[in-house]
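Fold and geometry: a report
Next come the chains, spelled out residue by residue.
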Amino acid sequence: MLSQQETKREQWGSRIGFILACLGSAVGLGNVWRFSTTAGENGGGAFILVYLLIILFIGIPVVMAEFTIGRKSQSDAVGSFQKLAPGKPWFIAGFLGVAASFIILSFYGVVAGWVMKYFFGYLTGSLVNVPENDFTGYFVSFIGKTAEPIIWQFIFMALTVGIVVVGVKKGIEAANKVLMPLLGVLLIILAIYSLTLGGAKEGLTFLFSPDWSKLADPHLYLAALGQAFFSLSLGMGALITYGSYLSKENKLPTAALSVGALDTLVALTAGILIFPAVFAFGLDPAGGAGLVFMTLPNVFDQMPLGAVAGAAFFFLLFAAALTSAVSLLEVAVAYFMRKFSWGRKQAVLIIGSIIFVLGIPSSLSQGAVPITIMGKDFLTFMDELSGNVFLPLGGLIIALFIGWGWKKTDALRDSDLGDTLIGNIWIWCVRILAPVGILLIFLNKIGIVG
Ligand code: PHE
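Thresholds applied
- Residues numbered from 1 in each chain as written.
- Predicted model: local features only at pLDDT ≥ 70, side-chain atom pairs only at ≥ 80, totals over all residues.
- Heavy atoms only, no water.
- Helix = DSSP H or I, 4+ residues; strand = E, 2+ residues; numbered from the N terminus.
- Rg over C-alpha atoms; globule rule 2.2 N^0.38 Å.
- Buried < 20%, exposed > 50% of the residue type's maximum accessible area, 1.4 Å probe, protein only.
- Contact = heavy atoms within 4.5 Å.
- Expected span 1.5 Å × (residues − 1).
- Near = heavy atom within 4 Å.
- Polar contact = N/O pair within 3.5 Å; in protein donor to acceptor, adjacent residues only side chain to side chain.
- Areas by Shrake-Rupley, 256 points an atom, 1.4 Å probe, with all protein chains shown as cover.
- Nonpolar A, V, L, I, M, F, W, Y, C, P; charged D, E, K, R; others polar.
- Core = buried A, V, L, I, M, F, W, Y, C linked by side-chain atoms within 4.5 Å.
- Salt bridge = Lys/Arg side-chain N within 4 Å of Asp/Glu carboxyl O.

The protein is annotated in an unreviewed UniProt entry as Sodium-dependent transporter from Bacillus mesophilus.

Below, the structure written as structure tokens:
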């Protein structure tokens with residue numbers, strides 16, 4: 001079992017608990033809601049191909065980098081860099097991360113609130129008896145309301161706060177252990193059912209047969225990069241923070257690989273559930289942020305015991321969102337607790353309240369009040385700013401930090417990879433491939449190269 005660390009820092013109860021918590025952080029609305037929206041808007045197959053390459057060569061290596069930094073430093077997103085490289089500017093990545101945690105959780109709570117609304121909609125039957133099965137109308141009118149979505153967002157944030165107050169082991173770890181496997185099983189069952197609805201051929205073609213001409217669009221690469229980082233909870237120190245609750249005896253590479261592979265599998269399964277249904281019910285794959293909420297009710301409507309399946313699905317999606325939200329909040333909480341010597345409860349309550357208020361404009365921007373920035377509604381703007389800019393930028397600095405700021409022998413030892421082939425490939429990824437890849441995608445998008 002784990003030995004007591006020199007500090008009184010909290011620790012995971014077990015190795016599998018750590019992996020499940022990281023998986024709980026990774027698997028969330030990103031895999032279902034954001035993945036389907038982004039894949040749909042960027043043409044499907046070509047996007048997915050680029051996405052998979054980025055996960056493999058940039059995502060998983062940076063996951064390894066974050067775990068290594070966290071476990072070595074036993075500190076939070078900012079403190080890690082300050083402890084390992086005192087007086088150097090690497091800690092800027094940590095500040096970007098803490099900022100990203102505020103931004104992401106602000107709109108994440110809004111969308112998770114929609115998920116809760118849908119869960120209760122199935123429980124109470126209001127989503128079962130929608131007139132003329134107009135689920136699009138149902139969704140649009142719900143998110144366009146002023147107070148109701150904010151109330152759901154509030155409830156979701158209150159639950160997140162409740163779990164984070166309890167602390168790392170009892171709160172976060174316990175919840176993940178039960179709910180993640182259940183979500184996986186239900187997703188698979190639903191995906192198989194969705195394939196019988198008549199849109200299977202079109203849906204699978206859309207997802208898996210790339211339209212090569214789409215590769216000419218610079219935005220596709222940025223969208224895939226941002227989605228990979230968002231989905232893996234990467235680039236903002238969430239995995240540094242979680243890695244810091246790990247003792248030295250735990251091995252990192254299998255954890256990084258499991259998290260990367262399973263997170264991707266969940267996203268693809270969600271795609272196989274959603275896109276056949278999109279085509280079967282004549283919806284637009286590029287339909288934007290509401291795609292999941294407008295598509296899935298059609299699937300449940302057709303299904304035997306659909307109301308039960310609908311309730312179960314939205315409950316598990318809510319649980320997945322909750323475990324991700326918990327990790328988002330924990331990044332900021334861990335930093336403020338150390339920096340200002342706040343107690344856990346004080347930190348959680350103050351930060352949770354600020355983030356809730358920050359989310360209100362995102363909620364209102366969905367129809368109640370037209371809040372737009374650069375032609376996008378406020379929620380989409382916050383989403384793209386954090387996912388496509390903050391996270392990849394943080395990831396770039398993290399990769400450079402391990403690749404160039406550490407001695408190669410230290411990095412190989414502290415990552416548990418050792419001087420092996422895989423270890424050397426990893427070093428090469430964080431030194432060259434990941435930074436160059438991220439930079440090229442940024443420069444290409446703003447039109448400087450490509
Ligand atoms: N990975 C989470 C999801 O897919 C979101 C998240 C992003 C969580 C960044 C933590 C940090 O829903």
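**A few points about the overall build of the protein**
When helices and strands are counted, the protein shows 18 helices and 2 strands. A compact globule built from 450 residues should have a C-alpha radius of gyration of about 22 Å, and the protein, at 21 Å, falls within 12% of that. Taken along the three principal axes of its C-alpha coordinates, the protein extends 65 × 50 × 40 Å. Scored against the burial criterion, the 450 residues of the protein give a buried share of 60%. By sequence separation, contacts in the protein at least 24 residues apart represent 81% of the contacts at least 6 residues apart.

**Notes on helix α15 (residues 344–364)**
In this model α15 runs 31 Å from its N-terminal to its C-terminal C-alpha over 21 residues, within 8% of the 30 Å that 1.5 Å per residue would give. Within the sequence span of α15, burial applies to Arg 344, Ala 347, Val 348, Ile 351, Gly 352, Ile 355, Phe 356, Gly 359, Ser 362, Ser 363 and Leu 364.

**Considering the site of the ligand**
Lining the immediate surroundings of the ligand are 14 residues, of which Ala 26, Gly 30, Tyr 108, Phe 230 and Ser 233 lie closest. In this structure, an oxygen atom belonging to the ligand sits 3.1 Å away from a main-chain N or O atom of Leu 29. In this structure, an oxygen atom belonging to the ligand sits 2.8 Å away from a main-chain N or O atom of Gly 30. Relative to its free-state accessible area of 320 Å², the ligand is covered by the protein chains to the extent of 100%. Looking at the shell around the ligand, its residues break down into 6 nonpolar, 8 polar and no charged.

**What to know about the nonpolar core**
Core analysis: the biggest nonpolar cluster contains 166 residues, and Phe 293 and Phe 313 have the highest contact counts within it. With 21 residues, helix α14 (residues 306–340) is the largest single contributor of residues to this core. Excluding residues within four positions of it along the chain, Phe 293 makes contact with Trp 33, Val 111, Trp 114, Val 115, Tyr 118, Phe 139 and Phe 314.

**Quick look at the pattern of salt bridges**
All chains considered together, the criterion is met by 11 salt bridges. Across the pair Glu 148 and Lys 145 runs a salt bridge whose closest N-O atoms are separated by 3.3 Å. Here Glu 148 falls in the partly exposed class, since its relative accessible area comes to 22%. What makes Lys 145 partly exposed here is its relative accessible area of 38%. Between Arg 344 and Glu 330 there is a salt bridge, with the nearest N and O atoms lying 3.0 Å from each other. Highlighted residues: Arg 344 in helix α15 and Glu 330 in helix α14, separated in sequence by 14 residues. The exposure classification of Arg 344 matches that of Glu 330, with both residues buried. Several salt bridges share partner residues, and in doing so they unite Lys 72, Asp 410, Arg 413 and Asp 414 into one network.

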